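Descriptive structure summary
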Amino acid sequence: MTSFSTKDHAQVLDRIKNRASDLETFSTYAPEKRFIEAHISESSLSFSISDEDGSIFSMALGESPVLLKCDRLSTTREVQVNQNDFQHRANWDFYAIDTKQFLSNKAAITSSSDSEIAEFLKVHAPNSSVWPGDSEILFWGEKRSGEELASIGALVKWRTGQVMFASIATHTNHRGKGFAQQLVGEMLATAANQGINHIGLGVFAENVSAKRAYEKVGFKLVNEFSSYALIT
């Protein structure tokens, strides 16, 4: 396939339908209504979308991808980015899993107390991406040690229609005890029984313990990314 540029969302899906990692990434991060353009070659995929605030987010995947005009950029880890134009923000990894295997497992206990969740996150995970009241939340799951909230996490549905884990956090006194791993497994069972067949998650690359826990549950690595912000 020669290089190809398009502003047609459906054409992108058709062109990458046999490229599992690219298809997973594009389907997760590029909602049709906000899609701007894409550039595709045999070994790369670049695409951009408009965000609610009017900024442009793009991804550049594979070997020597085109870097599209944007304000924020994520690339596969090996892509070289001009440090005079973009400031590196973080490295992160994208995982995904099918839920069918969890259908018969124990379901999660769901949380309904927004105030308790918010207080827990403020103390134990203040940099969480999702907080009570966010419209994309499907449900919160929890694990307790006695009466004390030990671990919590949210399942959210993005504007692309993809379902993702978010704000998985463990009480500082209960880390390393397997609570988050158990919680994720139980939330996958709940999701499977609600007809949700596939779930993704993003995690900071340096969070080795979290990645190990997700991999033990069965999550598979889709890709490794670096994120950048345009220097203005």
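For the structure, see preceding data.
The following refers to the structure shown. (Residues numbered from 1 in each chain as written. Predicted model: local features only at pLDDT ≥ 70, side-chain atom pairs only at ≥ 80, totals over all residues. Heavy atoms only, no water.)

**With respect to the overall build of the protein**
Along its length, the protein carries five helices and 12 strands. Whereas a compact globule of 232 residues would reach a radius of gyration of roughly 17 Å, the protein reaches 19 Å, a difference of no more than 12%. Principal-axis analysis of the C-alpha atoms places the extent of the protein at approximately 60 × 40 × 30 Å. With 232 residues in all, the protein has 49% of them scored as buried. Expressed as a percentage of contacts within the protein between residues at least 6 apart in sequence, the contacts between residues at least 24 apart total 57%. Accessible surface for the protein amounts to roughly 11,900 Å². Of this, 46% is attributable to carbon and sulfur atoms. (Helix = DSSP H or I, 4+ residues; strand = E, 2+ residues; numbered from the N terminus. Rg over C-alpha atoms; globule rule 2.2 N^0.38 Å. Buried < 20%, exposed > 50% of the residue type's maximum accessible area, 1.4 Å probe, protein only. Contact = heavy atoms within 4.5 Å. Areas by Shrake-Rupley, 256 points an atom, 1.4 Å probe, with all protein chains shown as cover.)

**A few points about unusual backbone geometry**
Phi at S64 takes a positive value of approximately 45°, unusual for a residue other than glycine. Topologically, S64 is positioned in the loop between β4 (56-62) and β5 (72-76). The phi torsion at S167 lies on the positive side, around 50°, for a residue other than glycine. Position of S167 relative to the elements: it lies in strand β10 (residues 163-170). For S167, a relative accessible area of 8% puts it in the buried group.

**Points about the pairing of β4**
Most of β4 sits out of view: five of its seven residues are buried. In terms of strand pairing, strand β3 (residues 44-50) meets β4 through seven bridges, oriented antiparallel. The residue bridging S50 from the neighbouring strand is I56, located in β4. (Pairing = 2+ DSSP bridges.)

**What to know about the pattern of salt bridges**
Summed over the entire model, instances satisfying the criterion amount to 11 salt bridges. Here R72 ties to D51 by a salt bridge, and the two come within 2.0 Å at their closest N and O atoms. On the criterion of sequence distance, the pair formed by R72 in strand β5 and D51 in the loop between β3 and β4 is long-range, its members being 21 residues apart. K106 is paired through a salt bridge with E186; the nearest N and O atoms lie 3.9 Å apart. Here E186 lies in helix α4 (residues 179-193) and K106 lies in the loop between β6 (86-98) and β7 (109-111), a separation of 80 residues in the sequence. Residue class for K106 comes out exposed when judged on its relative accessible area of 55%. The exposure class of E186 is buried, given its relative accessible area of 9%. Overlapping salt bridges bring together D51, E52, R72 and R159 as one network. (Salt bridge = Lys/Arg side-chain N within 4 Å of Asp/Glu carboxyl O.)

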